Amino acid sequence: MKELGIGIGWRPEIADAVEALPGVDWVEVVAENVCAGHLPDSLERLRARGVTVVPHGVSLGLGGADRPDAGRLAALAEKATALGAPLVTEHIAFVRAGGPLTATPLLEAGHLLPVPRTWDALEVLCENVRVAQDALPVPLALENIAALVAWPGEELTEGQFLSELVERTGVRLLIDVANLHTNHVNRGEDPAEALSSLPVEAIAYVHVAGGLERDGVWHDTHAHPVSRPVLDILADLASRVSPPGVLLERDDHFPAPRELAAELSAIRATVTGARPRPRPLLIGAGARVSGGPMPAPSADGEPRVPAQAPAGAARVPAEAGARTPVPVPAEAGARTSSVPVPSGAARVPAEAGARTSSVPVPAGAARVPAEAGARASAPVPVPAGVGARSSAPGAAPLPAHAPAVTAPGAAAPSAGAPAAARQRVAVAEAALLSALVAGTPTPEGFDVRRLGVQSRALAAKRADVVAKVAPELPEILGEGYRPAFLAYARNRPMTDGYRHDALDFVEGLLVAGRPEDPDARRRLTAWWKERAGIRPPGPAARLAHRVRTALGKG
């Protein structure tokens, strides 16, 4: 793996400062914010100086139920080539849900949402990662994300989930220590325990960022100074392995250059001050096959021996250069879920040999597929049941670092992601996202208060991003912009990106005869006409909108 050193996230707002900062070995750029054929001059100058540039994607949604979009993958590959990047990075997250797998309109989160740590979700993620690896010209690394909410009925810890992911795909990891701190505050997960169970030898680089705590919830804002607890987690990580690179992320409320320089110095001092214990690297840069993770020591200090596959378990033969084989059951022994199913609920059919699930689909509920290319104008209910299935009682805990092996009565990993697994994950993720952005009922087992916090945070982020992509709107609407947008966001989930979100927001205002100020309404109408390319809604459209609203369809 290429040694990167200490870096900072390149953003247009601090481009000049980044060029002038001393000791910046490399930068990371949000992939979706640059064009391969027209790179910013600042990035070109940095590259000319020999500064490495790594594209960091935020929109693939590899943890989603759908396979990665070929167009997005091609664009990411093109940018990696244009930047001469040694690798590209993305997230272990889903960013959209719904669509054909659930026969509901596609919803966009506009944010990174956590993947359930279940066998189904792992199988889907691994297959999606392989698709991405095949499409990219350089190695891929994936980042652990911060989460305000936790999935009920998870079957693996974060360390086990990531170890399995690395073992099955050979993907590298981007460990965000600020996200480990966020999950400690919000979900009670011990950062030291998480680091102990992570395959740290697979780390490509590390993220460090700031945030703040409000009402007992830690918000990973990337807009505040790095806190002491986050640096302490970085020190703990650096004492276990020497990370190839460490990067400071800052996305908003940018401080003076001298403050950025001070934070970079603190990060460098933290890393150099730690003494990593010698540990062999088991995965080469870009390798698809893991050399097998190191077993963690047991409670008595003796090395743990990885469990063996159960008798009768078949192993998928590995071809030359293939990924490491994963044990799969030789028989079609299906596993039943412990999640209760409402009386009369239909079940998602499982394929032959697949584990059975109890993800409920309301009986008799008519599902109308969204028309191709259509944007939803109203929330569409999705099932409230959660697709995460509880492990069977009595299942032995999985050893840290060791490949997960089936214990009697426990879940068995399969060789791929069957269609039924994708559908179960699709239903679960659509239920969660719909509750967050469309006001549908909270899926069973989730913390209602935390979902409310996450929902408000998503709406606030939408308002902030729309104000950036369409800065004329806050200018025209003044102080009324934010309350008007938040009111709109409560009933209108985002379905097609932030620019369409801005158009939909303005259309809704104009249909309702707002704003009341004639001059502001005239300017808003002109803005909408220029960008929508069609006439603004007239009296007939307003009447139709009122009828749809009265019927509960608008």
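Structural notes, computed from the coordinates. (Residues numbered from 1 in each chain as written. Predicted model: local features only at pLDDT ≥ 70, side-chain atom pairs only at ≥ 80, totals over all residues. Heavy atoms only, no water.)

**A look at the overall build of the chain**
Point 1. Within the chain one finds 16 helices and 16 strands.
Point 2. Across the 554 residues in the chain, those meeting the buried criterion constitute 51%.
Point 3. Once local pairs closer than 6 in sequence are excluded, the contacts in the chain between residues at least 24 apart make up 75%.
Point 4. When the accessible surface of the chain is totalled, it reaches about 23800 Å², and 55% of it is carbon and sulfur. (Helix = DSSP H or I, 4+ residues; strand = E, 2+ residues; numbered from the N terminus. Buried < 20%, exposed > 50% of the residue type's maximum accessible area, 1.4 Å probe, protein only. Contact = heavy atoms within 4.5 Å. Areas by Shrake-Rupley, 256 points an atom, 1.4 Å probe, with all protein chains shown as cover.)

**A word on the packing of helix H14 (residues 497–511) against helix H15 (residues 518–532)**
Point 1. Following both chains from N to C, one finds H14 and H15 inclined at 140 degrees, their axes separated by 10 Å at the closest point. It follows that H14 is oblique to H15 by the angle criterion. Where H14 crosses over H15, the handedness of that crossing is left-handed. For the pair H14 and H15, contact is made by Ala502, Leu503, Val506, Glu507, Leu509 and Leu510 and by Arg521, Leu524, Thr525, Trp527, Trp528, Arg531 and Ala532, respectively. (Axes fitted to C-alpha atoms, helices over the stretch in contact; angles between N-to-C directions. Parallel < 35°, antiparallel > 145°, perpendicular 65-115°, else oblique. Left-handed = near helix turned anticlockwise from the far one by under 90°.)

**Thoughts on helix H11 (residues 448–469)**
Point 1. An ideal rise of 1.5 Å per residue puts 32 Å on 22 residues; H11 measures up with 32 Å between its terminal C-alpha atoms.
Point 2. Among all positions of H11, only Arg450, Leu451, Val453, Gln454, Leu458, Ala459, Arg462, Ala463 and Val466 are buried.
Point 3. Among the residues of H11, the N-terminal cap falls to Asp447, whose side-chain oxygen and the backbone nitrogen of Arg449 are separated by 2.9 Å. (Expected span 1.5 Å × (residues − 1). Polar contact = N/O pair within 3.5 Å; in protein donor to acceptor, adjacent residues only side chain to side chain.)

**Describing the pattern of salt bridges**
Proximity of charged atoms lets side chains of opposite charge pair with each other.
Point 1. Under the definition given, this model contains 24 salt bridges.
Point 2. Put simply, Arg67 and Glu127 hold a salt bridge, and the shortest N to O gap is 2.8 Å. Note that Arg67 is positioned in the loop between strand S3 (52–56) and helix H3 (70–83) and Glu127 in helix H4 (residues 119–135), a separation of 60 residues in sequence.
Point 3. For Glu127, a relative accessible area of 16% translates into the label buried.
Point 4. Here Asp464 and Arg482 are joined by a salt bridge, their closest N and O atoms 2.8 Å apart. Taken as a pair, Asp464 in helix H11 and Arg482 in helix H13 (residues 481–491) lie far apart in primary sequence, 18 residues in all.
Point 5. Given a relative accessible area of 32%, Arg482 falls into the partly exposed group.
Point 6. Via salt bridges that share partners, Arg117, Glu154, Glu158, Arg187 and Glu189 belong to a single interconnected network. (Salt bridge = Lys/Arg side-chain N within 4 Å of Asp/Glu carboxyl O.)

**Comments concerning the environment of Phe161**
Point 1. You can see Phe161 is positioned in helix H5 (residues 158–169).
Point 2. Residues contacting Phe161, with those up to four places away along its chain left out, are Ile92, Val115, Pro116, Arg117, Thr118, Ala121, Leu122, Leu125 and Leu156.

**Observations regarding the pairing of strand S5 (residues 94–99)**
In regular strands, side chains alternate between the two faces of the sheet.
Point 1. With six of six residues buried, S5 lies mostly within the body of the structure.
Point 2. Here S5 folds back onto strand S6 (residues 104–113) in antiparallel fashion, the turn holding four residues, of which Ala103 has a positive phi close to 55 degrees. (Pairing = 2+ DSSP bridges.)

**Examining the nonpolar core**
Proteins that are soluble and globular tend to have nonpolar side chains buried together.
Point 1. Of all hydrophobic cores here, the largest spans 76 residues; its most connected members are Ile8, Val27, Leu43, Leu140, Leu165, Val208 and Leu234.
Point 2. The dominant element in this core, judged by the number of residues it contributes, is H4, at eight residues.
Point 3. Beyond its immediate sequence surroundings of up to four residues, Ile8 is in contact with Val18, Leu21, Val24, Trp26, Val27, Glu28, Leu247, Leu248, Leu260 and Leu264.
Point 4. Among the nonpolar cores identified, the runner-up in size contains 24 residues, and Val466, Ala484, Tyr498 and Leu510 belong to it. (Core = buried A, V, L, I, M, F, W, Y, C linked by side-chain atoms within 4.5 Å.)

**Some details on the side chain of Arg462**
Point 1. Residue placement: Arg462 occurs in helix H11.
Point 2. Take Arg462: its relative accessible area is 4%, and that puts it in the buried class.
Point 3. Of the polar contacts made by the side chain of Arg462, one reaches the backbone oxygen of Arg492; its length is 2.9 Å.
Point 4. If near-sequence neighbours (up to four positions away) are discounted, Arg462 is found in contact with Phe485, Tyr488, Ala489, Arg492, Pro493, Met494, Tyr498 and Asp501.

**Quick look at empty space enclosed by the protein**
Point 1. Tallying each qualifying case throughout the model produces four cavities of 30 Å³ or more.
Point 2. Size it by volume and the largest cavity reaches roughly 150 Å³.
Point 3. Among the secondary structure elements, those contributing two or more residues to the lining of the largest cavity are H5 and helix H6 (177–187).
Point 4. Top contributing element to the lining of the largest cavity by residue count: H5, with three residues.
Point 5. Here the lining of the largest cavity is built from residues that sort into seven nonpolar, two polar and three charged. (1 Å grid on protein atoms, 1.4 Å probe; cavity = no way out; pocket = protein on both sides within 12 Å on 5 of 7 lines; lining within 4 Å. Points joined across faces, edges and corners; volume = space filled by probe spheres on them. Nonpolar A, V, L, I, M, F, W, Y, C, P; charged D, E, K, R; others polar.)

**A closer look at the pairing of strand S4 (residues 88–91)**
Point 1. Neither face of S4 is exposed, since Val88 and Glu90 on one face and Thr89 and His91 on the opposite face are all buried.
Point 2. The pairing of S4 with strand S7 (residues 140–143) spans four bridges and is classified as parallel. Residue pairing for S7: Thr89 is matched across the bridge by Ala141.

**A word on the packing of aromatic side chains**
Point 1. Evaluated as defined, the whole model comprises seven aromatic pairs.
Point 2. Note on Trp26 and Tyr205: the rings are 4.7 Å apart at their centroids and 70 degrees apart in plane angle, and the pair reads as edge-to-face. Here Trp26 is found in strand S2 (residues 26–30), whereas its partner Tyr205 is found in strand S9 (residues 203–208), with 179 residues between them in sequence. For the pair shown, Trp26 and Tyr205 are each scored as buried.
Point 3. Here the aromatic rings of Trp151 and Phe446 are separated by 5.1 Å at their centres, their planes lie at 65 degrees, and the arrangement is edge-to-face. (Phe/Tyr/Trp six-rings, centres within 6.5 Å; stacked < 30°, edge-to-face > 60°.)

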